[in-house]
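# Residue-level structural notes
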Protein chains: 4
Amino acid sequence: MNPIIERFLVVRKHSEAICKRLLLEDYSVQPAVFASPPKWHLAHITWFWEAFILVPFAKDYKIFDDDFSFLFNSYYNNAGKRVLRPNRGLMTRPSVEEVMNYRQHVTEAVVAFLKSSPDGEALEIVEIGINHEQQHQELLVYDIKYILGNQPTYPVYGSGYETQAEQQHPEWIKGKSGVYEIGHAGKDFCFDNELGRHKIYLQDFEISNRLVTNGEYLAFIADGGYQNFNYWHDEGWQWVNQNGIKAPLYWHQVEGDWYVYDLDGLEKVDPEAPVKHVSFFEAFAYAEYRGMRLPTEAEWEISSDHFQWGTLWEWTNSAYLPYPGFSKAPGALGEYNGKFMVNQMVLRGASAATSEGHARKTYRNFFHPDMRWQYNGIRLAK
Amino acid sequence: MNPIIERFLVVRKHSEAICKRLLLEDYSVQPAVFASPPKWHLAHITWFWEAFILVPFAKDYKIFDDDFSFLFNSYYNNAGKRVLRPNRGLMTRPSVEEVMNYRQHVTEAVVAFLKSSPDGEALEIVEIGINHEQQHQELLVYDIKYILGNQPTYPVYGSGYETQAEQQHPEWIKGKSGVYEIGHAGKDFCFDNELGRHKIYLQDFEISNRLVTNGEYLAFIADGGYQNFNYWHDEGWQWVNQNGIKAPLYWHQVEGDWYVYDLDGLEKVDPEAPVKHVSFFEAFAYAEYRGMRLPTEAEWEISSDHFQWGTLWEWTNSAYLPYPGFSKAPGALGEYNGKFMVNQMVLRGASAATSEGHARKTYRNFFHPDMRWQYNGIRLAK
Amino acid sequence: MNPIIERFLVVRKHSEAICKRLLLEDYSVQPAVFASPPKWHLAHITWFWEAFILVPFAKDYKIFDDDFSFLFNSYYNNAGKRVLRPNRGLMTRPSVEEVMNYRQHVTEAVVAFLKSSPDGEALEIVEIGINHEQQHQELLVYDIKYILGNQPTYPVYGSGYETQAEQQHPEWIKGKSGVYEIGHAGKDFCFDNELGRHKIYLQDFEISNRLVTNGEYLAFIADGGYQNFNYWHDEGWQWVNQNGIKAPLYWHQVEGDWYVYDLDGLEKVDPEAPVKHVSFFEAFAYAEYRGMRLPTEAEWEISSDHFQWGTLWEWTNSAYLPYPGFSKAPGALGEYNGKFMVNQMVLRGASAATSEGHARKTYRNFFHPDMRWQYNGIRLAK
Amino acid sequence: MNPIIERFLVVRKHSEAICKRLLLEDYSVQPAVFASPPKWHLAHITWFWEAFILVPFAKDYKIFDDDFSFLFNSYYNNAGKRVLRPNRGLMTRPSVEEVMNYRQHVTEAVVAFLKSSPDGEALEIVEIGINHEQQHQELLVYDIKYILGNQPTYPVYGSGYETQAEQQHPEWIKGKSGVYEIGHAGKDFCFDNELGRHKIYLQDFEISNRLVTNGEYLAFIADGGYQNFNYWHDEGWQWVNQNGIKAPLYWHQVEGDWYVYDLDGLEKVDPEAPVKHVSFFEAFAYAEYRGMRLPTEAEWEISSDHFQWGTLWEWTNSAYLPYPGFSKAPGALGEYNGKFMVNQMVLRGASAATSEGHARKTYRNFFHPDMRWQYNGIRLAK
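Read on for a plain summary of the structure. (Residues numbered from 1 in each chain as written. Chains lettered and ligands numbered in written order. Predicted model: local features only at pLDDT ≥ 70, side-chain atom pairs only at ≥ 80, totals over all residues. Heavy atoms only, no water.)

Turning our eyes to something else, we now look at the interface of chain A and chain D. Between chain A and chain D, the residue contacts involve 34 residues of the former and 34 residues of the latter. Here chain A and chain D share an interface that buries about 2,800 Å² over both sides, 54% of which is from carbon and sulfur atoms. Per-residue buried area on chain A facing chain D is highest for Y201(A), V342(A) and N343(A); these three make up 18% of the total on that side. Across the pair E288(A) and K328(D) runs a salt bridge, and its minimum N-O distance is 3.3 Å. At the junction of chain A and chain D, the tally comes to 14 residue pairs in polar contact (both at pLDDT 80 or more). Those elements that place two or more of their residues in the side of chain A that touches chain D are strand 3 (198-202), helix 7 (234-243), helix 8 (280-289) and strand 8 (313-319) of chain A. Looking at side-chain class alone, the side of chain A that touches chain D contains 16 nonpolar, 11 polar and seven charged residues. (Contact = heavy atoms within 4.5 Å. Buried area = accessible area lost by both parts, 1.4 Å probe. Salt bridge = Lys/Arg side-chain N within 4 Å of Asp/Glu carboxyl O. Polar contact = N/O pair within 3.5 Å; in protein donor to acceptor, adjacent residues only side chain to side chain. Helix = DSSP H or I, 4+ residues; strand = E, 2+ residues; numbered from the N terminus. Nonpolar A, V, L, I, M, F, W, Y, C, P; charged D, E, K, R; others polar.)

Written out as structure tokens, the structure reads:
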């Protein structure tokens, strides 16, 4: 088979595979503004194919349902009006079955289109579409965990997403001062925010070869880390107090012992495993407590060949800002990245929830500093 | 069959019948804090039987699931902790199927219990349980309409709930000043808030024999009723402006014409039908516009034999307050009515969504003055 | 002197006398949305004279400052746009001195007008103006206390406003069932909400001859009254928990003992004095705790000749609703009372902060059920 | 005189000079959470001297008033509890007179202390104290303008703060790629966030020799800049719509023409003068509209010798983050800068409101991206 068709079909099937253990009741709920219902994800990534490939490029394509653009556009102002984000969880219609029909309709149409020898411009957007669907696959895992983790009954989902990094003997990797290059090079796909490859100057630094463990983080809690304002950003301290934060997300204290909910159920916290689901505020406070700091994204990228990464995203102390020469694409796809470059922090690496083939060391993930439902951990620098 | 068992079974089946046209996706969503998911209603009314009949009275009853008391208690502080109201829509588990199994389990257990010749105290609570389930049946209709009415696609549900009062030739019924009695008398079931029957003094009054029509209400809109503060309570005027209210709930203006969504779909507003889904603020403002007023609940009750009622609840200008001698039941059932006797207004009558056998002229329904998802209309007095 | 001029001047001077111990800094601050700066009161009641007497009736009257109508209108939509209530505390200009000049200008103009033999219509509004200024005098005392009570330093203001009712030997006054009349009669001034005198029917009742004391209320606190939801309205219970309410307003617990701030400074709570500054929610909860209830406004009015009243307003369990036949005045003065007749509760009596000659037993004061900065106490009924 | 004493006295007097045209009524008001009352500033900067110099270093110093630490601490958690920021405007006591006495008491005690040959550690904190007071002098100007600018009467304050940069003929200054050094060097005072001097790598860039003018900005408005989401960050677009932003702060449209309030009163917008009081969101959007960008703080610092600066702060596109090797001071002064290094953007330069001797090209000012009451403008880069 045409390799692009094969990749396309693998990706499409994987989105559905992620959801296959859900009950029908789990598909439509939106437990927080930042999370989306699985049904919405499945439909939205399908709409993306329809809106950016089929409608503009595929001759004679017939839109599946005229309402779906309004229902399943996420944030592309250029692509028209849409259901507001906080209301995604109110959409009980279309049904899951109808969304699955929509998926099949669009998948078949894209395959037909790919067989028709599309031109280079279209193929570039196909590549974006594949990567876009992979991004939503990771969000699907976050949101499924958040939906199930908010059930008072802590249901077991069962999957491979909770695999842990094997923890190394702790060592410090030295980085030497000097001029380096970061950013994406070569012809493989990358997002616009990774371009262009450019020089930066780094000072001497050291970066840990492993992630902070639950055991180390438990010491921070036991030492009153959540009660000592000296470790926290001013906004972090407000966040802690306004939300009554006392531990990472999904942690529950039961008769003095700490338990953690994950997709395999509620279990005692494993002190050897890396801590996960902490906000940037918490990662920063933990580093302060240790008298260290978080790495910058450039330090991380430069030294990433020298440590294991990829089971958990890692907060950096770099704000999400444009690289020199950044320019956004024309039209709706120009809204993909650039308009988020304020008030967010960069995460580097990848996680066990990242789809195969989607990770690279120049990848710039980003979240607001209070977000922690994503799969992430803490790596220290000094 | 034992008549109480027969009534019990009729009521239980009716709850499920109300939901039978729902998609599975519609059962779990909570589109507003004041509304609840249909699944929650079905489970909560079942929990009520379990908590107030089976657990205290039925020997050897085995609780279906220990978690359900936490999940499906509504507001009975005396019955333990519970899922907070705004979070009812996050509960994807238990599934609808499991809730239906719960219903069957409890229905069978109550039937077995009723066959065991229960004593009078238990039978009184059975009566409350039946009426409680009927109240939730009406709320189920409101919430189903609200869930579907918030779908951008306005799905058709189809049912008999949108039947309209046949509009009479308008006439004014005169009430003469003097001492009257209101409140429930006799041995039939009533809620504690209808007791006891007591004297009141009424001045001369007149009350309309029919409800305000859509056509009449359209004139209010056309005359700038929503823009003229003189018709409104100070809080009503804030409510109009903060929420951008321009018409009754479910009304939509399409190219200059007013349409209304109901369970039969989106249709043009029928000027002959009574206006429905207006808040107390709107009902009051409309009466001011007409130079009239809303009736008091006593005026309504005294004159209710002289006009048709029962297809729509009717706002009165009476605050929901205790009757003389009101006393609440001991324990959790004491929380049924009394604790809501502040900041709410009384509605009288019944609606097409009221379950058979549940209406009576002494019935005191009540909602906050901004609520309008219930089936209600406007009757004028002067 | 013309008696109406004399009364007018006494009232004008009294407003300034209330403020005379304030520092200039105290005049402009607004510590809560429901309170207003003293400077605003002094200017607003002056604007009222200007807008409703001088401008419509006094020939050749020259408006003091064209901006002041915008600055000092309170809530009369019919009288034009105005500074929004939450922003009253931002008005540092005009200065206190300028407001005092405004007062003098308007006082002199009204005196001149009163000497010109005004007609009956104008004299009626003069009477409203006098009563309006007296109402604001009482609010001035509340707001001054609230401003000073929110200073961490608890400054002493010193005045006669904290005099206490002499507490009688407790007795129950019996009221017999039957038809009574309530509401204002005769030719003396009253507000539109007290008209017209009308018949009501009362059941047998008993009402206490004295107010609940601090000592009795301390027992409620000690018995866990603020922790037991059974005593509270559902909304009262939310109010207690959302605001962390543990005692009446101005009470402070210092090393286990209860102190109360009043205009004479911070002192130990006197168990013999009547409890004051409690919300309707607290008054209701206290009555529930005692197995009693609050009186209705009709019960209060009928029996008010048989007990002492007048040092503290008293919550009733009557919602603030129109009397039969209530009609509001045309124009802006029609906004005086009617538009507040929803979601508020009636208080009867008067307080030590009520201006001389302003109290009468038919007076209907009203506040939202969570308000407690007014001078009020609790009288029980059963 | 001892030069440090002389500098100290000059700075102390300047704080009072800034306020000298205020009415007493203007001193205590807090028109927004981010602004503070002038009285509070005057007392807080005095408390800073007392808490960090007099109490720890000056033998026999007697605290002026024990309550003032609670009242006038700003955000130093290490220095004890304090009045919460939103409540600063409620403090009518102490009076302005008492605060002035407090100032004199502390000024005299610091002079006496400075005469006593203090050691180097104390002198370092004296230097911080001087710079701290200068920072509040600038904030005083911002807050005075905001207080007066919120008066519906637009009072004239009159001062030299509204002087404008003389606008040059527009030119682009070229910066060449390569390794540069930024950050503070030498022994003069600087804040901890400017240390230490370090290498960075810059790409080729161009930076404008002048600020964007009102005339240029008016074109952006006229071209629909506030209505076109393509120019805005996602959060900026929300900010525009939630706050109804249509122009810079203090701009008012009167019958089609744009006016601007400044300390000299309300005047027509001068198209030649630089635009001021725009948020980072607006500065960014304007740059997007022009197809350009804002400079980074490193670009600004490197090229600042080649253009005029100093009458308005300038937004950069750099997030406020620690320089390599940043470490915060021990104790309360460690809270000065570091805990704000998240979610804020760097501004470079100085303004006409900056105190003499306080400006330097390594200075890192910072504000949240929605703030615009500070004196700032826009410089473009590409």
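Picking up after the structure, the text goes on.
This next bit is on the relation of the copies chain A and chain D. By a simple turn and slide, chain A fits onto chain D: the slide is 0.0 Å along the axis, the RMSD is 0.0 Å, and the turn is 180 degrees. In symmetry terms, the pair is related by a two-fold rotation axis. Taken as a fraction of all interface residues of chain A, those also at the interface in chain D reach 100%, which identifies the copy contact as same-surface. (Least-squares fit on C-alpha atoms with pLDDT ≥ 70 in both.)

This paragraph deals with the relation of the copies chain B and chain C. Note on the identical chains: chain B maps onto chain C by a rotation of 180 degrees and an axial translation of 0.0 Å, with an RMSD of 0.0 Å. By residue overlap, the copies meet face to face through one surface: 100% of the interface positions of chain B are interface positions in chain C.

On to the side chain of E25(A), then. In this structure, E25(A) sits in the loop between helix 1 (3-18) and helix 2 (38-57). Within the buried core, E25(A) has no salt-bridge partner, and the shortest N-O distance to an opposite charge, that of K39(B), equals 5.7 Å. Within the local environment of E25(A), its side chain forms a polar contact with the backbone nitrogen of V96(B), the two atoms lying 2.8 Å apart. Not counting residues within four places of it along the chain, the set of residues in contact with E25(A) comprises L24(B), S28(B), K39(B), T92(B), S95(B), V96(B) and E97(B). (Buried < 20%, exposed > 50% of the residue type's maximum accessible area, 1.4 Å probe, protein only. Lys, Arg positive; Asp, Glu negative; His and termini not counted.)

Another aspect to go through is the environment of L380(D). Residue and element names in this part refer to chain D. Mapped onto the elements of the fold, L380 is located in the segment after strand 11 (376-377). Relative accessible area serves as the criterion here: at 4%, L380 is assigned to the buried category. Separated by 172 residues in the primary sequence, L380 and S208 place their C-alpha atoms 5.6 Å from one another. Among residues more than four places away in sequence, those in contact with L380 are W172, I207, S208, V212, Y286, A287, R290, M292, R293 and P295.

What follows is about the sheet that holds strand 11 (residues 376-377) of chain A. All names here are of chain A. Spatially, 10-9-8-11 is the arrangement adopted by the four strands of the open sheet, whose pairing is mixed. Of all strands in the sheet, those bounded by a partner on one side alone are strand 10 (365-367) and strand 11. Pairing of strand 8 with strand 9 (residues 345-348) involves three bridges; the strand directions are antiparallel. Bridged to W315 within strand 9 is L347. (Pairing = 2+ DSSP bridges.)

Bringing the pattern of salt bridges into the picture now. In this structure the tally under the stated criterion is 80 salt bridges over all chains. Where E162(C) meets K276(C), a salt bridge forms, and the shortest distance between an N and an O atom there is 2.5 Å. You can see E162(C) sitting in the loop between helix 5 (120-149) and strand 1 (172-175) and its partner K276(C) sitting in the loop between strand 7 (265-268) and helix 8 (280-289), a full 114 residues away along the chain. Comparing E162(C) with K276(C), the two get one shared label, buried. Each of R12(A), E16(A), R103(A) and E133(A) takes part in a single network of salt bridges with overlapping partners.

The next subject is the interface of chain B and chain C. Contact with chain B, which involves 34 residues of that partner, is made by 35 residues of chain C. Regarding the contact of chain B and chain C, the summed buried area is about 2,800 Å², with carbon and sulfur atoms giving 54% of it. For chain B, the biggest contributors to the area lost against chain C are Y201(B), V342(B) and N343(B); these three give 19% of the whole. Linking chain B with chain C are two salt bridges. The tally of links between chain B and chain C comes to 14 residue pairs in polar contact (both at pLDDT 80 or more). Counting residues per element, the side of chain B that touches chain C draws most heavily on strand 3 (residues 198-202) of chain B, which supplies four residues.

To continue, consider the packing of aromatic side chains. By the definition in use, this model includes 159 aromatic pairs over all chains. Pairing W313(C) with Y363(C) gives two aromatic rings, centres 5.6 Å apart and planes at 50 degrees, and the pair type is tilted. Of this pair, W313(C) sits in strand 8 (residues 313-319) while Y363(C) sits in the loop between strand 9 (345-348) and strand 10 (365-367), and the two are 50 residues apart along the sequence. Of the residues examined, Y363(C) reaches a relative accessible area of 5% and is grouped as buried. The structure contains a cluster of three or more aromatic residues connected by ring pairs, namely F34(A), Y142(A), Y146(A), Y154(A), Y250(A), Y261(A), F367(A), W373(A) and Y375(A). A cation over a ring is seen here: R379(A) above F307(A), with NZ or CZ 3.6 Å from the ring centre. Above the plane of the ring of W172(D) lies K382(D), whose end atom (NZ or CZ) is 4.3 Å from the centre. (Phe/Tyr/Trp six-rings, centres within 6.5 Å; stacked < 30°, edge-to-face > 60°. Lys NZ or Arg CZ within 6 Å of the ring centre and 35° of its normal.)

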